[in-house]
Amino acid sequence: MLDSVAHSTFLPNASFCDPLMSWTDLFSNEEYYPAFEHQTACDSYWTSVHPEYWTKRHVWEWLQFCCDQYKLDANCISFCHFNISGLQLCSMTQEEFIEAAGVCGEYLYFILQNMRSQGYSFFNDPEETKATIKDCLQSSHLWEFVRDLLLSPEENCGILEWEDREQGIFRVVKSEALAKMWGQRKRNDRMTYEKLSRALRYYYKTGILERVDRRLVYKFGKNAHGWQEDKL
DNA sequence: AAATGGTTTCCTGATT
DNA sequence: GAATCAGGAAACCATT
């Protein structure tokens, strides 16, 4: 009966390790079993149970594991949001994860979905896994791309500049360079600032960006997250 | 297989 | 005149 759940909704995500070992296979195999001390017979460790069947305690243990393993800042996690069963956890959307744990929520959501589809083999190589998570978290949305560029001086090289850090107001300094970089990300060498800015204008409607009536100046709106200084 | 979201492309017109 | 801004309309494409 575990098996029937094991291959559920999520399609395997291209780049991850061994496809489709069943959960029972995985957990009877020492290799996949890291150095954890466990466990009472009545309440086994979270790694030995499919996420859908986790108890509140399992969820808690999983959170702990993720914090330790991936150095997630436990302070940004609202633990009361996670006082839930595995079934409830699995039904949370990415939005809800972000609401409950900010940027860490993105990681947690990603890790959970991969565990549901791939099992614990996901954690084979912690180092590689961490790198891959980072890759996959490379946000594909334009506003996130802009945000991340703004947040990483190395990549940025003067393309974007904060106008008012507190209020999330920024300026596009090198418009063509920005378009080129966005084009590279989307593998589209026909991208121009003209077209990119059209996409940015659509964000006014959804509250991701707010209008600032100065040329090449934009402002993050109430529905944009992850740009503020204090909450990493 | 159809619906949807997030752009991409193109365009006309106004503004700086 | 050149670069931007404003949006409408439609095509496109990946995901659900």
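All values derive from a computational prediction rather than experimental measurement. (Residues numbered from 1 in each chain as written. Chains lettered and ligands numbered in written order. Predicted model: local features only at pLDDT ≥ 70, side-chain atom pairs only at ≥ 80, totals over all residues. Heavy atoms only, no water.)

Caption draft 1: Here's a closer look at the packing of aromatic side chains. Counted under the stated rule, the structure contains 14 aromatic pairs. Between Phe-145 and Trp-182, the ring centres sit 5.1 Å apart and the planes meet at 45 degrees, which makes this aromatic pair tilted. Placement of the pair is Phe-145 in helix 7 (residues 142-151) and Trp-182 in helix 9 (residues 175-185), with a sequence separation of 37 residues. Centroid distance Phe-170 to Tyr-218: 6.1 Å. Interplanar angle 25 degrees. Geometry classified as stacked. (Phe/Tyr/Trp six-rings, centres within 6.5 Å; stacked < 30°, edge-to-face > 60°. Helix = DSSP H or I, 4+ residues; strand = E, 2+ residues; numbered from the N terminus.)

Caption draft 2: Region of interest: the protein's contact with DNA strand C. Around DNA strand C, the neighbouring residues are Ser-175, Tyr-193, Glu-194, Arg-198, Arg-201, Tyr-202, Tyr-204, Arg-211, Arg-215, Leu-216 and Tyr-218. One of the side-chain N or O atoms of Arg-198 is found 2.7 Å from a base oxygen in DNA strand C. The side chain of Tyr-202 places a nitrogen or oxygen atom 3.2 Å from a base nitrogen of DNA strand C. Counting residues per element, the surface near DNA strand C draws most heavily on helix 10 (residues 193-206), which supplies six residues. Looking at side-chain class alone, the surface near DNA strand C contains five nonpolar, one polar and five charged residues. (Near = heavy atom within 4 Å. Polar contact = N/O pair within 3.5 Å; in protein donor to acceptor, adjacent residues only side chain to side chain. Nonpolar A, V, L, I, M, F, W, Y, C, P; charged D, E, K, R; others polar.)

Caption draft 3: Quick peek at the pattern of salt bridges. Per the stated rule, a full pass over the model turns up nine salt bridges. Note that Arg-57 is salt-bridged to Glu-61, the shortest N-O span being 3.0 Å. Highlighted residues: Arg-57 and Glu-61, both in helix 3 (residues 56-70), separated by four residues, approximately one helical turn. Relative accessible area serves as the criterion here: at 40%, Arg-57 is assigned to the partly exposed category. The class of Glu-61 is buried, set by a relative accessible area of 9%. Two residues, Asp-148 and Arg-147, come together in a salt bridge whose shortest N-O distance is 2.9 Å. Taken together, the shared-partner salt bridges connect Glu-161, Glu-163, Arg-171 and Arg-214 into one network. (Salt bridge = Lys/Arg side-chain N within 4 Å of Asp/Glu carboxyl O. Buried < 20%, exposed > 50% of the residue type's maximum accessible area, 1.4 Å probe, protein only.)

Caption draft 4: Broad picture of the nonpolar core. Counting residues in each nonpolar core, the largest one holds 29 residues, and the members touching the most others are Trp-46, Trp-54, Trp-62, Phe-82, Leu-89, Phe-97 and Leu-108. The biggest single contributor to this core is helix 5 (residues 94-118), with ten residues. Apart from residues lying up to four places away in sequence, Trp-62 is in contact with Trp-46, Trp-54, Leu-89, Phe-97, Leu-108, Ile-111, Leu-112 and Met-115. Judged by nonpolar contacts, the second largest core, of 24 residues, contains Met-181, Trp-182, Tyr-203 and Tyr-218. (Core = buried A, V, L, I, M, F, W, Y, C linked by side-chain atoms within 4.5 Å. Contact = heavy atoms within 4.5 Å.)

Caption draft 5: Region of interest: the pairing of strand 1 (residues 160-164). Sheet topology places strand 1 next to strand 2 (residues 169-172); four bridges connect them, and they run antiparallel. Residue pairing across strands places Leu-160 opposite Val-172, the latter belonging to strand 2. Linking strand 1 to strand 2, which pair antiparallel, is a turn of four residues; within it Gly-168 sits at a positive phi near 75 degrees. (Pairing = 2+ DSSP bridges.)

Caption draft 6: Highlighting the protein's contact with DNA strand B. Every one of the 13 residues lining DNA strand B counts as a neighbour, but Leu-142, Trp-182, Lys-186, Arg-190 and Tyr-203 are closest to it. Backbone atoms, meaning sugar and phosphate, form 70% of the atoms of DNA strand B found within 4 Å of the protein. Residue Arg-190 places a side-chain N or O atom 2.7 Å away from a phosphate oxygen belonging to DNA strand B. The element best represented in the surface near DNA strand B is helix 10, accounting for five residues. A breakdown of the residues in the surface near DNA strand B according to their chemical character gives six nonpolar, two polar and five charged.

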